[in-house]
Amino acid sequence: MSPRPAPGPARLDPAQLSRVDLADPALLASDRRYAVWDQLRQHRPVHWQPVPDAGTARGFWSVTRYRDVNRVLADHTCFTSERGTLLNLLGRRDPAAGQQMAATDPPRHGRMRLPVQRAMGASSARRYVRDVQAGVRALLADHTAGGSFDAATMLAGLPLAVVGPLLGVPVADWPDLTRLAGMCTAEDDPAYRLPEGTAATLRRGHRELFAYFTDLARQRARSGSEDLVSLLLRMEVDGQPLGRGAVVSNCYSLLLGASVTLPHVPTAALAHLAGTDRYAHWAHRSDLLTSGVEEALRWASPASHFMRVARRPVDLSGVTVAAGEAVVAWLGSANRDPAVFARPDEFDVRRAPNRHLAFGAGRHYCIGSHLARLALRLFFAELFATFESLTPDGEPVRVRSTFLSGYQQLPLVGRPRRRDDR
Amino acid sequence: MTTAVSRDQRGMPSPYVPPDSELERRLAQLWVARLGVSPVGRHDDFFQLGGDSLLAAELQLDIDRALGVEADAATLFVAPTIAELAATVRDLLPPSAEPMSTVDYPPARSTAGAAVPASPLADE
Ligand code: HEM
């Protein structure tokens, strides 16, 4: 192993590791997670946590080393995605199995993914530059005069700037979809939580989004066009059109795939850079936009984990995982693994190479990665052109989730760049 | 269709109240065909009967086709009972109630022993 980073105040006694609760949103929403992952990588790279009431499962394994995370995500012959890919589905049946791309194994997965990938790949992503650019400008338009604002609230609109044009959703519906996606992913956030509680908020958001896409699919079935919903409706997999449930579920997954992740790359980066001279350093170096965005992705790792279930006994770093057992791959930990990243706890906009796993690995590698990178580059470029500096303006509030890493609130003050500086 | 399990096997909390119009019976048949649960009462909740969001999207398409109307999917997803659905659909049907679409009309299948008329709204 390469040298460990200097011990910080959050060091953890290895003896406590057996009691660590990785299913606790409070732990994952605090910086303490880095100390926990650090100890796990060193002392228990394959760690079992029992869970008393998890349906058919008795608990789950966690892998935290880059190598193992990469293997678990990419090795679809040993690990299935059809028995839940997130911890909150542990031990439960996944209704999307075999129907939604992310919950379908090869070979069917490939036949479902290929046509969609064509519509979202690098060359297609370029078609959306204008749309995404306009969306990004609209987000920042209210703040060009500077002053204080909540960056998390502003960035909640970023996913629709990408998914809106992709699915051909009318601009008038964007705010509604942003709100519903928030109910599905930040159900604890006072901005979205219904008085009936978090479970009701989740259920309601999920059902309303499905209803929205059911109506949209029906309308597109009548008068098809060039958007992705129409493509999904026309698509055939193994000689059969996708069922309506599969079409709607894939729309849902595209929206949520973007919503849960995209805003949190800038929020995590800005939470770290605001109030330091590192913001200005990066802002002045347009040649570092691309590498800086990659570093922001590694740094943020908005998707903290993805889960798989072993199809057969598998050896991981010397531990045998039995067939049928769940393995949680902690992407956020892999992206701070000192075996792969020198000075992993440093935000280095020049980092190269930067083979982070923020978009996953293997066949399920994020299908939205081209669009996500496009949106992030356009966003940071526009942000740098708008603000000369950004400083914190109060305590940020993190999202409480085991899956999602990011900020619910990030109050900042922006000093606008003078026009002639641009 | 898979063999229908009884609603009691699903441990339904609400007591069984039979559909009370031809439209409701027609809708109940579509539910039975999708869910494989029988019988379906007018106040039963689609999701408590074992339905999930993917099945609901399929069922919406069944309803569109069988009844020839396009009700907002919000009813099925947010107020998912036969009674609520019938109320929404009824508002959309032409007043003469006669011309029900026969497109993709699945074979009538009896849930409660009663034969189902070809035009579900004939007696409404
Ligand atoms: C910074 C932004 C994003 C991050 C960090 C991210 C992360 C990921 C990761 C880690 C996976 C792999 C899941 C697995 O292995 O089970 C994934 C898959 C996926 N993502 Fe993203 N994503 C981002 C943006 C987007 C966007 C913008 C979209 C849609 C427009 C999207 C849609 C999807 C879909 C549909 C899949 C499933 C692909 C498959 O199973 O083949 N994502 N994403």
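Rules used in this analysis
Residues numbered from 1 in each chain as written. Chains lettered and ligands numbered in written order. Predicted model: local features only at pLDDT ≥ 70, side-chain atom pairs only at ≥ 80, totals over all residues. Heavy atoms only, no water. Near = heavy atom within 4 Å. Polar contact = N/O pair within 3.5 Å; in protein donor to acceptor, adjacent residues only side chain to side chain. Helix = DSSP H or I, 4+ residues; strand = E, 2+ residues; numbered from the N terminus. Nonpolar A, V, L, I, M, F, W, Y, C, P; charged D, E, K, R; others polar. Pairing = 2+ DSSP bridges. Contact = heavy atoms within 4.5 Å. Axes fitted to C-alpha atoms, helices over the stretch in contact; angles between N-to-C directions. Salt bridge = Lys/Arg side-chain N within 4 Å of Asp/Glu carboxyl O. Buried < 20%, exposed > 50% of the residue type's maximum accessible area, 1.4 Å probe, protein only. pLDDT = per-residue confidence, 0-100. Buried area = accessible area lost by both parts, 1.4 Å probe. Donors = N, O, S within 2.8 Å, 3.2 Å for Na, K, Ca; no water. Phe/Tyr/Trp six-rings, centres within 6.5 Å; stacked < 30°, edge-to-face > 60°.

Draft legend 1. Up close: the site of the ligand. Residue and element names in this part refer to chain A. By nearness alone, 27 residues border the ligand, and H109, R113, R308, H364 and C366 come closest of all. Taking R113, its side chain carries an N or O atom lying 2.7 Å from an oxygen atom of the ligand. Note that an oxygen atom of the ligand is positioned 2.6 Å from one of the side-chain N or O atoms of H364. Among the elements of the structure, α4 (108-120), α12 (244-259) and β7 (305-310) are those that each provide at least two residues to the shell around the ligand. Among the elements that line the shell around the ligand, the one with the most residues is α12, at four residues. Grouping the constituent residues of the shell around the ligand by class yields 17 nonpolar, seven polar and three charged.

Draft legend 2. Highlighting the sheet that holds β7(A). Residue and element names in this part refer to chain A. Pairing is mixed across the open sheet formed by five strands, whose spatial order is β1-β2-β10-β7-β3. Single-partner strands in this sheet number two, and they are β1 (46-54) and β3 (79-80). Summarising the sheet, β1 and strand β2 (residues 57-63) pair through six bridges and their orientation is antiparallel. Bridging across to β2, H47 finds its partner in S62. Relative to the sheet, helix α3 (residues 66-74) contacts β1, β2, β3, β7 and β10 (326-330), its axis offset from that of β10 by approximately 125°.

Draft legend 3. A look at the pattern of salt bridges. Residues and elements named next belong to chain A. Scanning the model with the defined rule gives 27 salt bridges over all chains in all. A salt bridge links R71 to D75; the nearest nitrogen and oxygen atoms lie 2.9 Å apart. For R71, a relative accessible area of 30% translates into the label partly exposed. Residue D75 is classed as buried on the basis of its relative accessible area of 16%. Where D345 meets R336, a salt bridge forms, and the shortest distance between an N and an O atom there is 3.1 Å. Assessed through its relative accessible area of 43%, D345 is described here as partly exposed.

Draft legend 4. Focus on the sheet that holds strand β4 (residues 147-150) of chain A. Residues and elements named next belong to chain A. Strand order in the open sheet formed by three strands is β4-β14-β11, with antiparallel pairing between adjacent strands. Each edge of the sheet is formed by a strand with only one pairing partner; in this case those strands are β4 and β11 (387-392). Here the average twist between neighbouring strands, direction ignored, is 35°. Two elements, β11 and strand β14 (residues 411-416), share five bridges in a ladder whose sense is antiparallel. Paired with S389 across the two strands is R415, which belongs to β14.

Draft legend 5. Expanded view of the confidence of the model for chain B. On average, residues of chain B score 78 in pLDDT, and 68% of them are at 70 or above. Scored as a whole, the predicted complex attains pTM 0.89, and scored at its interfaces, ipTM 0.85.

Draft legend 6. View of the interface of chain B and chain A. Residue-level contacts link 16 residues of chain B with 20 residues of chain A. Summing both sides of the interface, chain B and chain A together bury roughly 1500 Å²; the carbon and sulfur share of this comes to 58%. Between chain B and chain A we count three salt bridges in total. Where chain B meets chain A, there are eight residue pairs in polar contact (both at pLDDT 80 or more). Elements supplying a minimum of two residues to the side of chain B that touches chain A: α2 (53-67) and α3 (73-78) of chain B. At seven residues, the largest contribution of residues to the side of chain B that touches chain A is made by α2(B).

Draft legend 7. Representation of the coordination of the iron atom of the ligand. With respect to protein ligation, the iron atom of the ligand binds only C366(A) (SG), at 2.3 Å. Position of C366(A) among the secondary structure elements: in the loop between α16 (331-334) and α17 (369-386).

Draft legend 8. Broad picture of the pairing of β7(A). All names here are of chain A. Across the six residues that make up β7, a large majority, five, are buried. The sheet contact formed by β3 and β7 spans two bridges and is antiparallel. Bridge assignment links F79 to a residue of β7, and that residue is A310. Note that β7 and β10 share five bridges and pair antiparallel. Looking across to β10, one finds that V309 is bridged to A326.

Draft legend 9. Main features of unusual backbone geometry. Residue and element names in this part refer to chain A. Note that the residue after A352, namely P353, is joined by a cis bond; omega there is -5°. Mapped onto the elements, P353 comes out in the loop between α16 and α17. Positioned with a positive phi, S301 is a non-glycine residue whose angle comes to about 35°. Residue position: S301 is located in the loop between α15 (289-300) and β7. For S317, which is not a glycine, the phi torsion comes out positive at approximately 40°. You can see S317 is positioned in the loop between β8 (314-316) and β9 (319-321).

Draft legend 10. Quick look at the packing of aromatic side chains. Residue and element names in this part refer to chain A. A complete count under the given rule lists 20 aromatic pairs over all chains for this structure. Both rings, one in W282 and one in F380, keep their centres 4.9 Å apart while their planes meet at 40°; by these two values the pair is tilted. Residue W282 is found in helix α14 (residues 277-283), and its partner F380 is found in helix α17; the two are separated by 98 residues along the sequence. Residues W282 and F380 agree in their burial class; the two are buried. When the centroid spacing of 5.6 Å and the interplanar angle of 65° are considered together, the rings of W299 and F347 count as edge-to-face. Of this pair, W299 sits in helix α15 while F347 sits in the loop between α16 and α17; the two residues are 48 residues apart in sequence, bridging distant segments of the chain. For W299, a relative accessible area of 10% corresponds to the buried category. In this structure F347 comes out as buried when scored by relative accessible area, which is 7%. Among the aromatic residues, those joined into a ring-pair cluster are Y279, W282, W299, F347, F379, F380 and F384.

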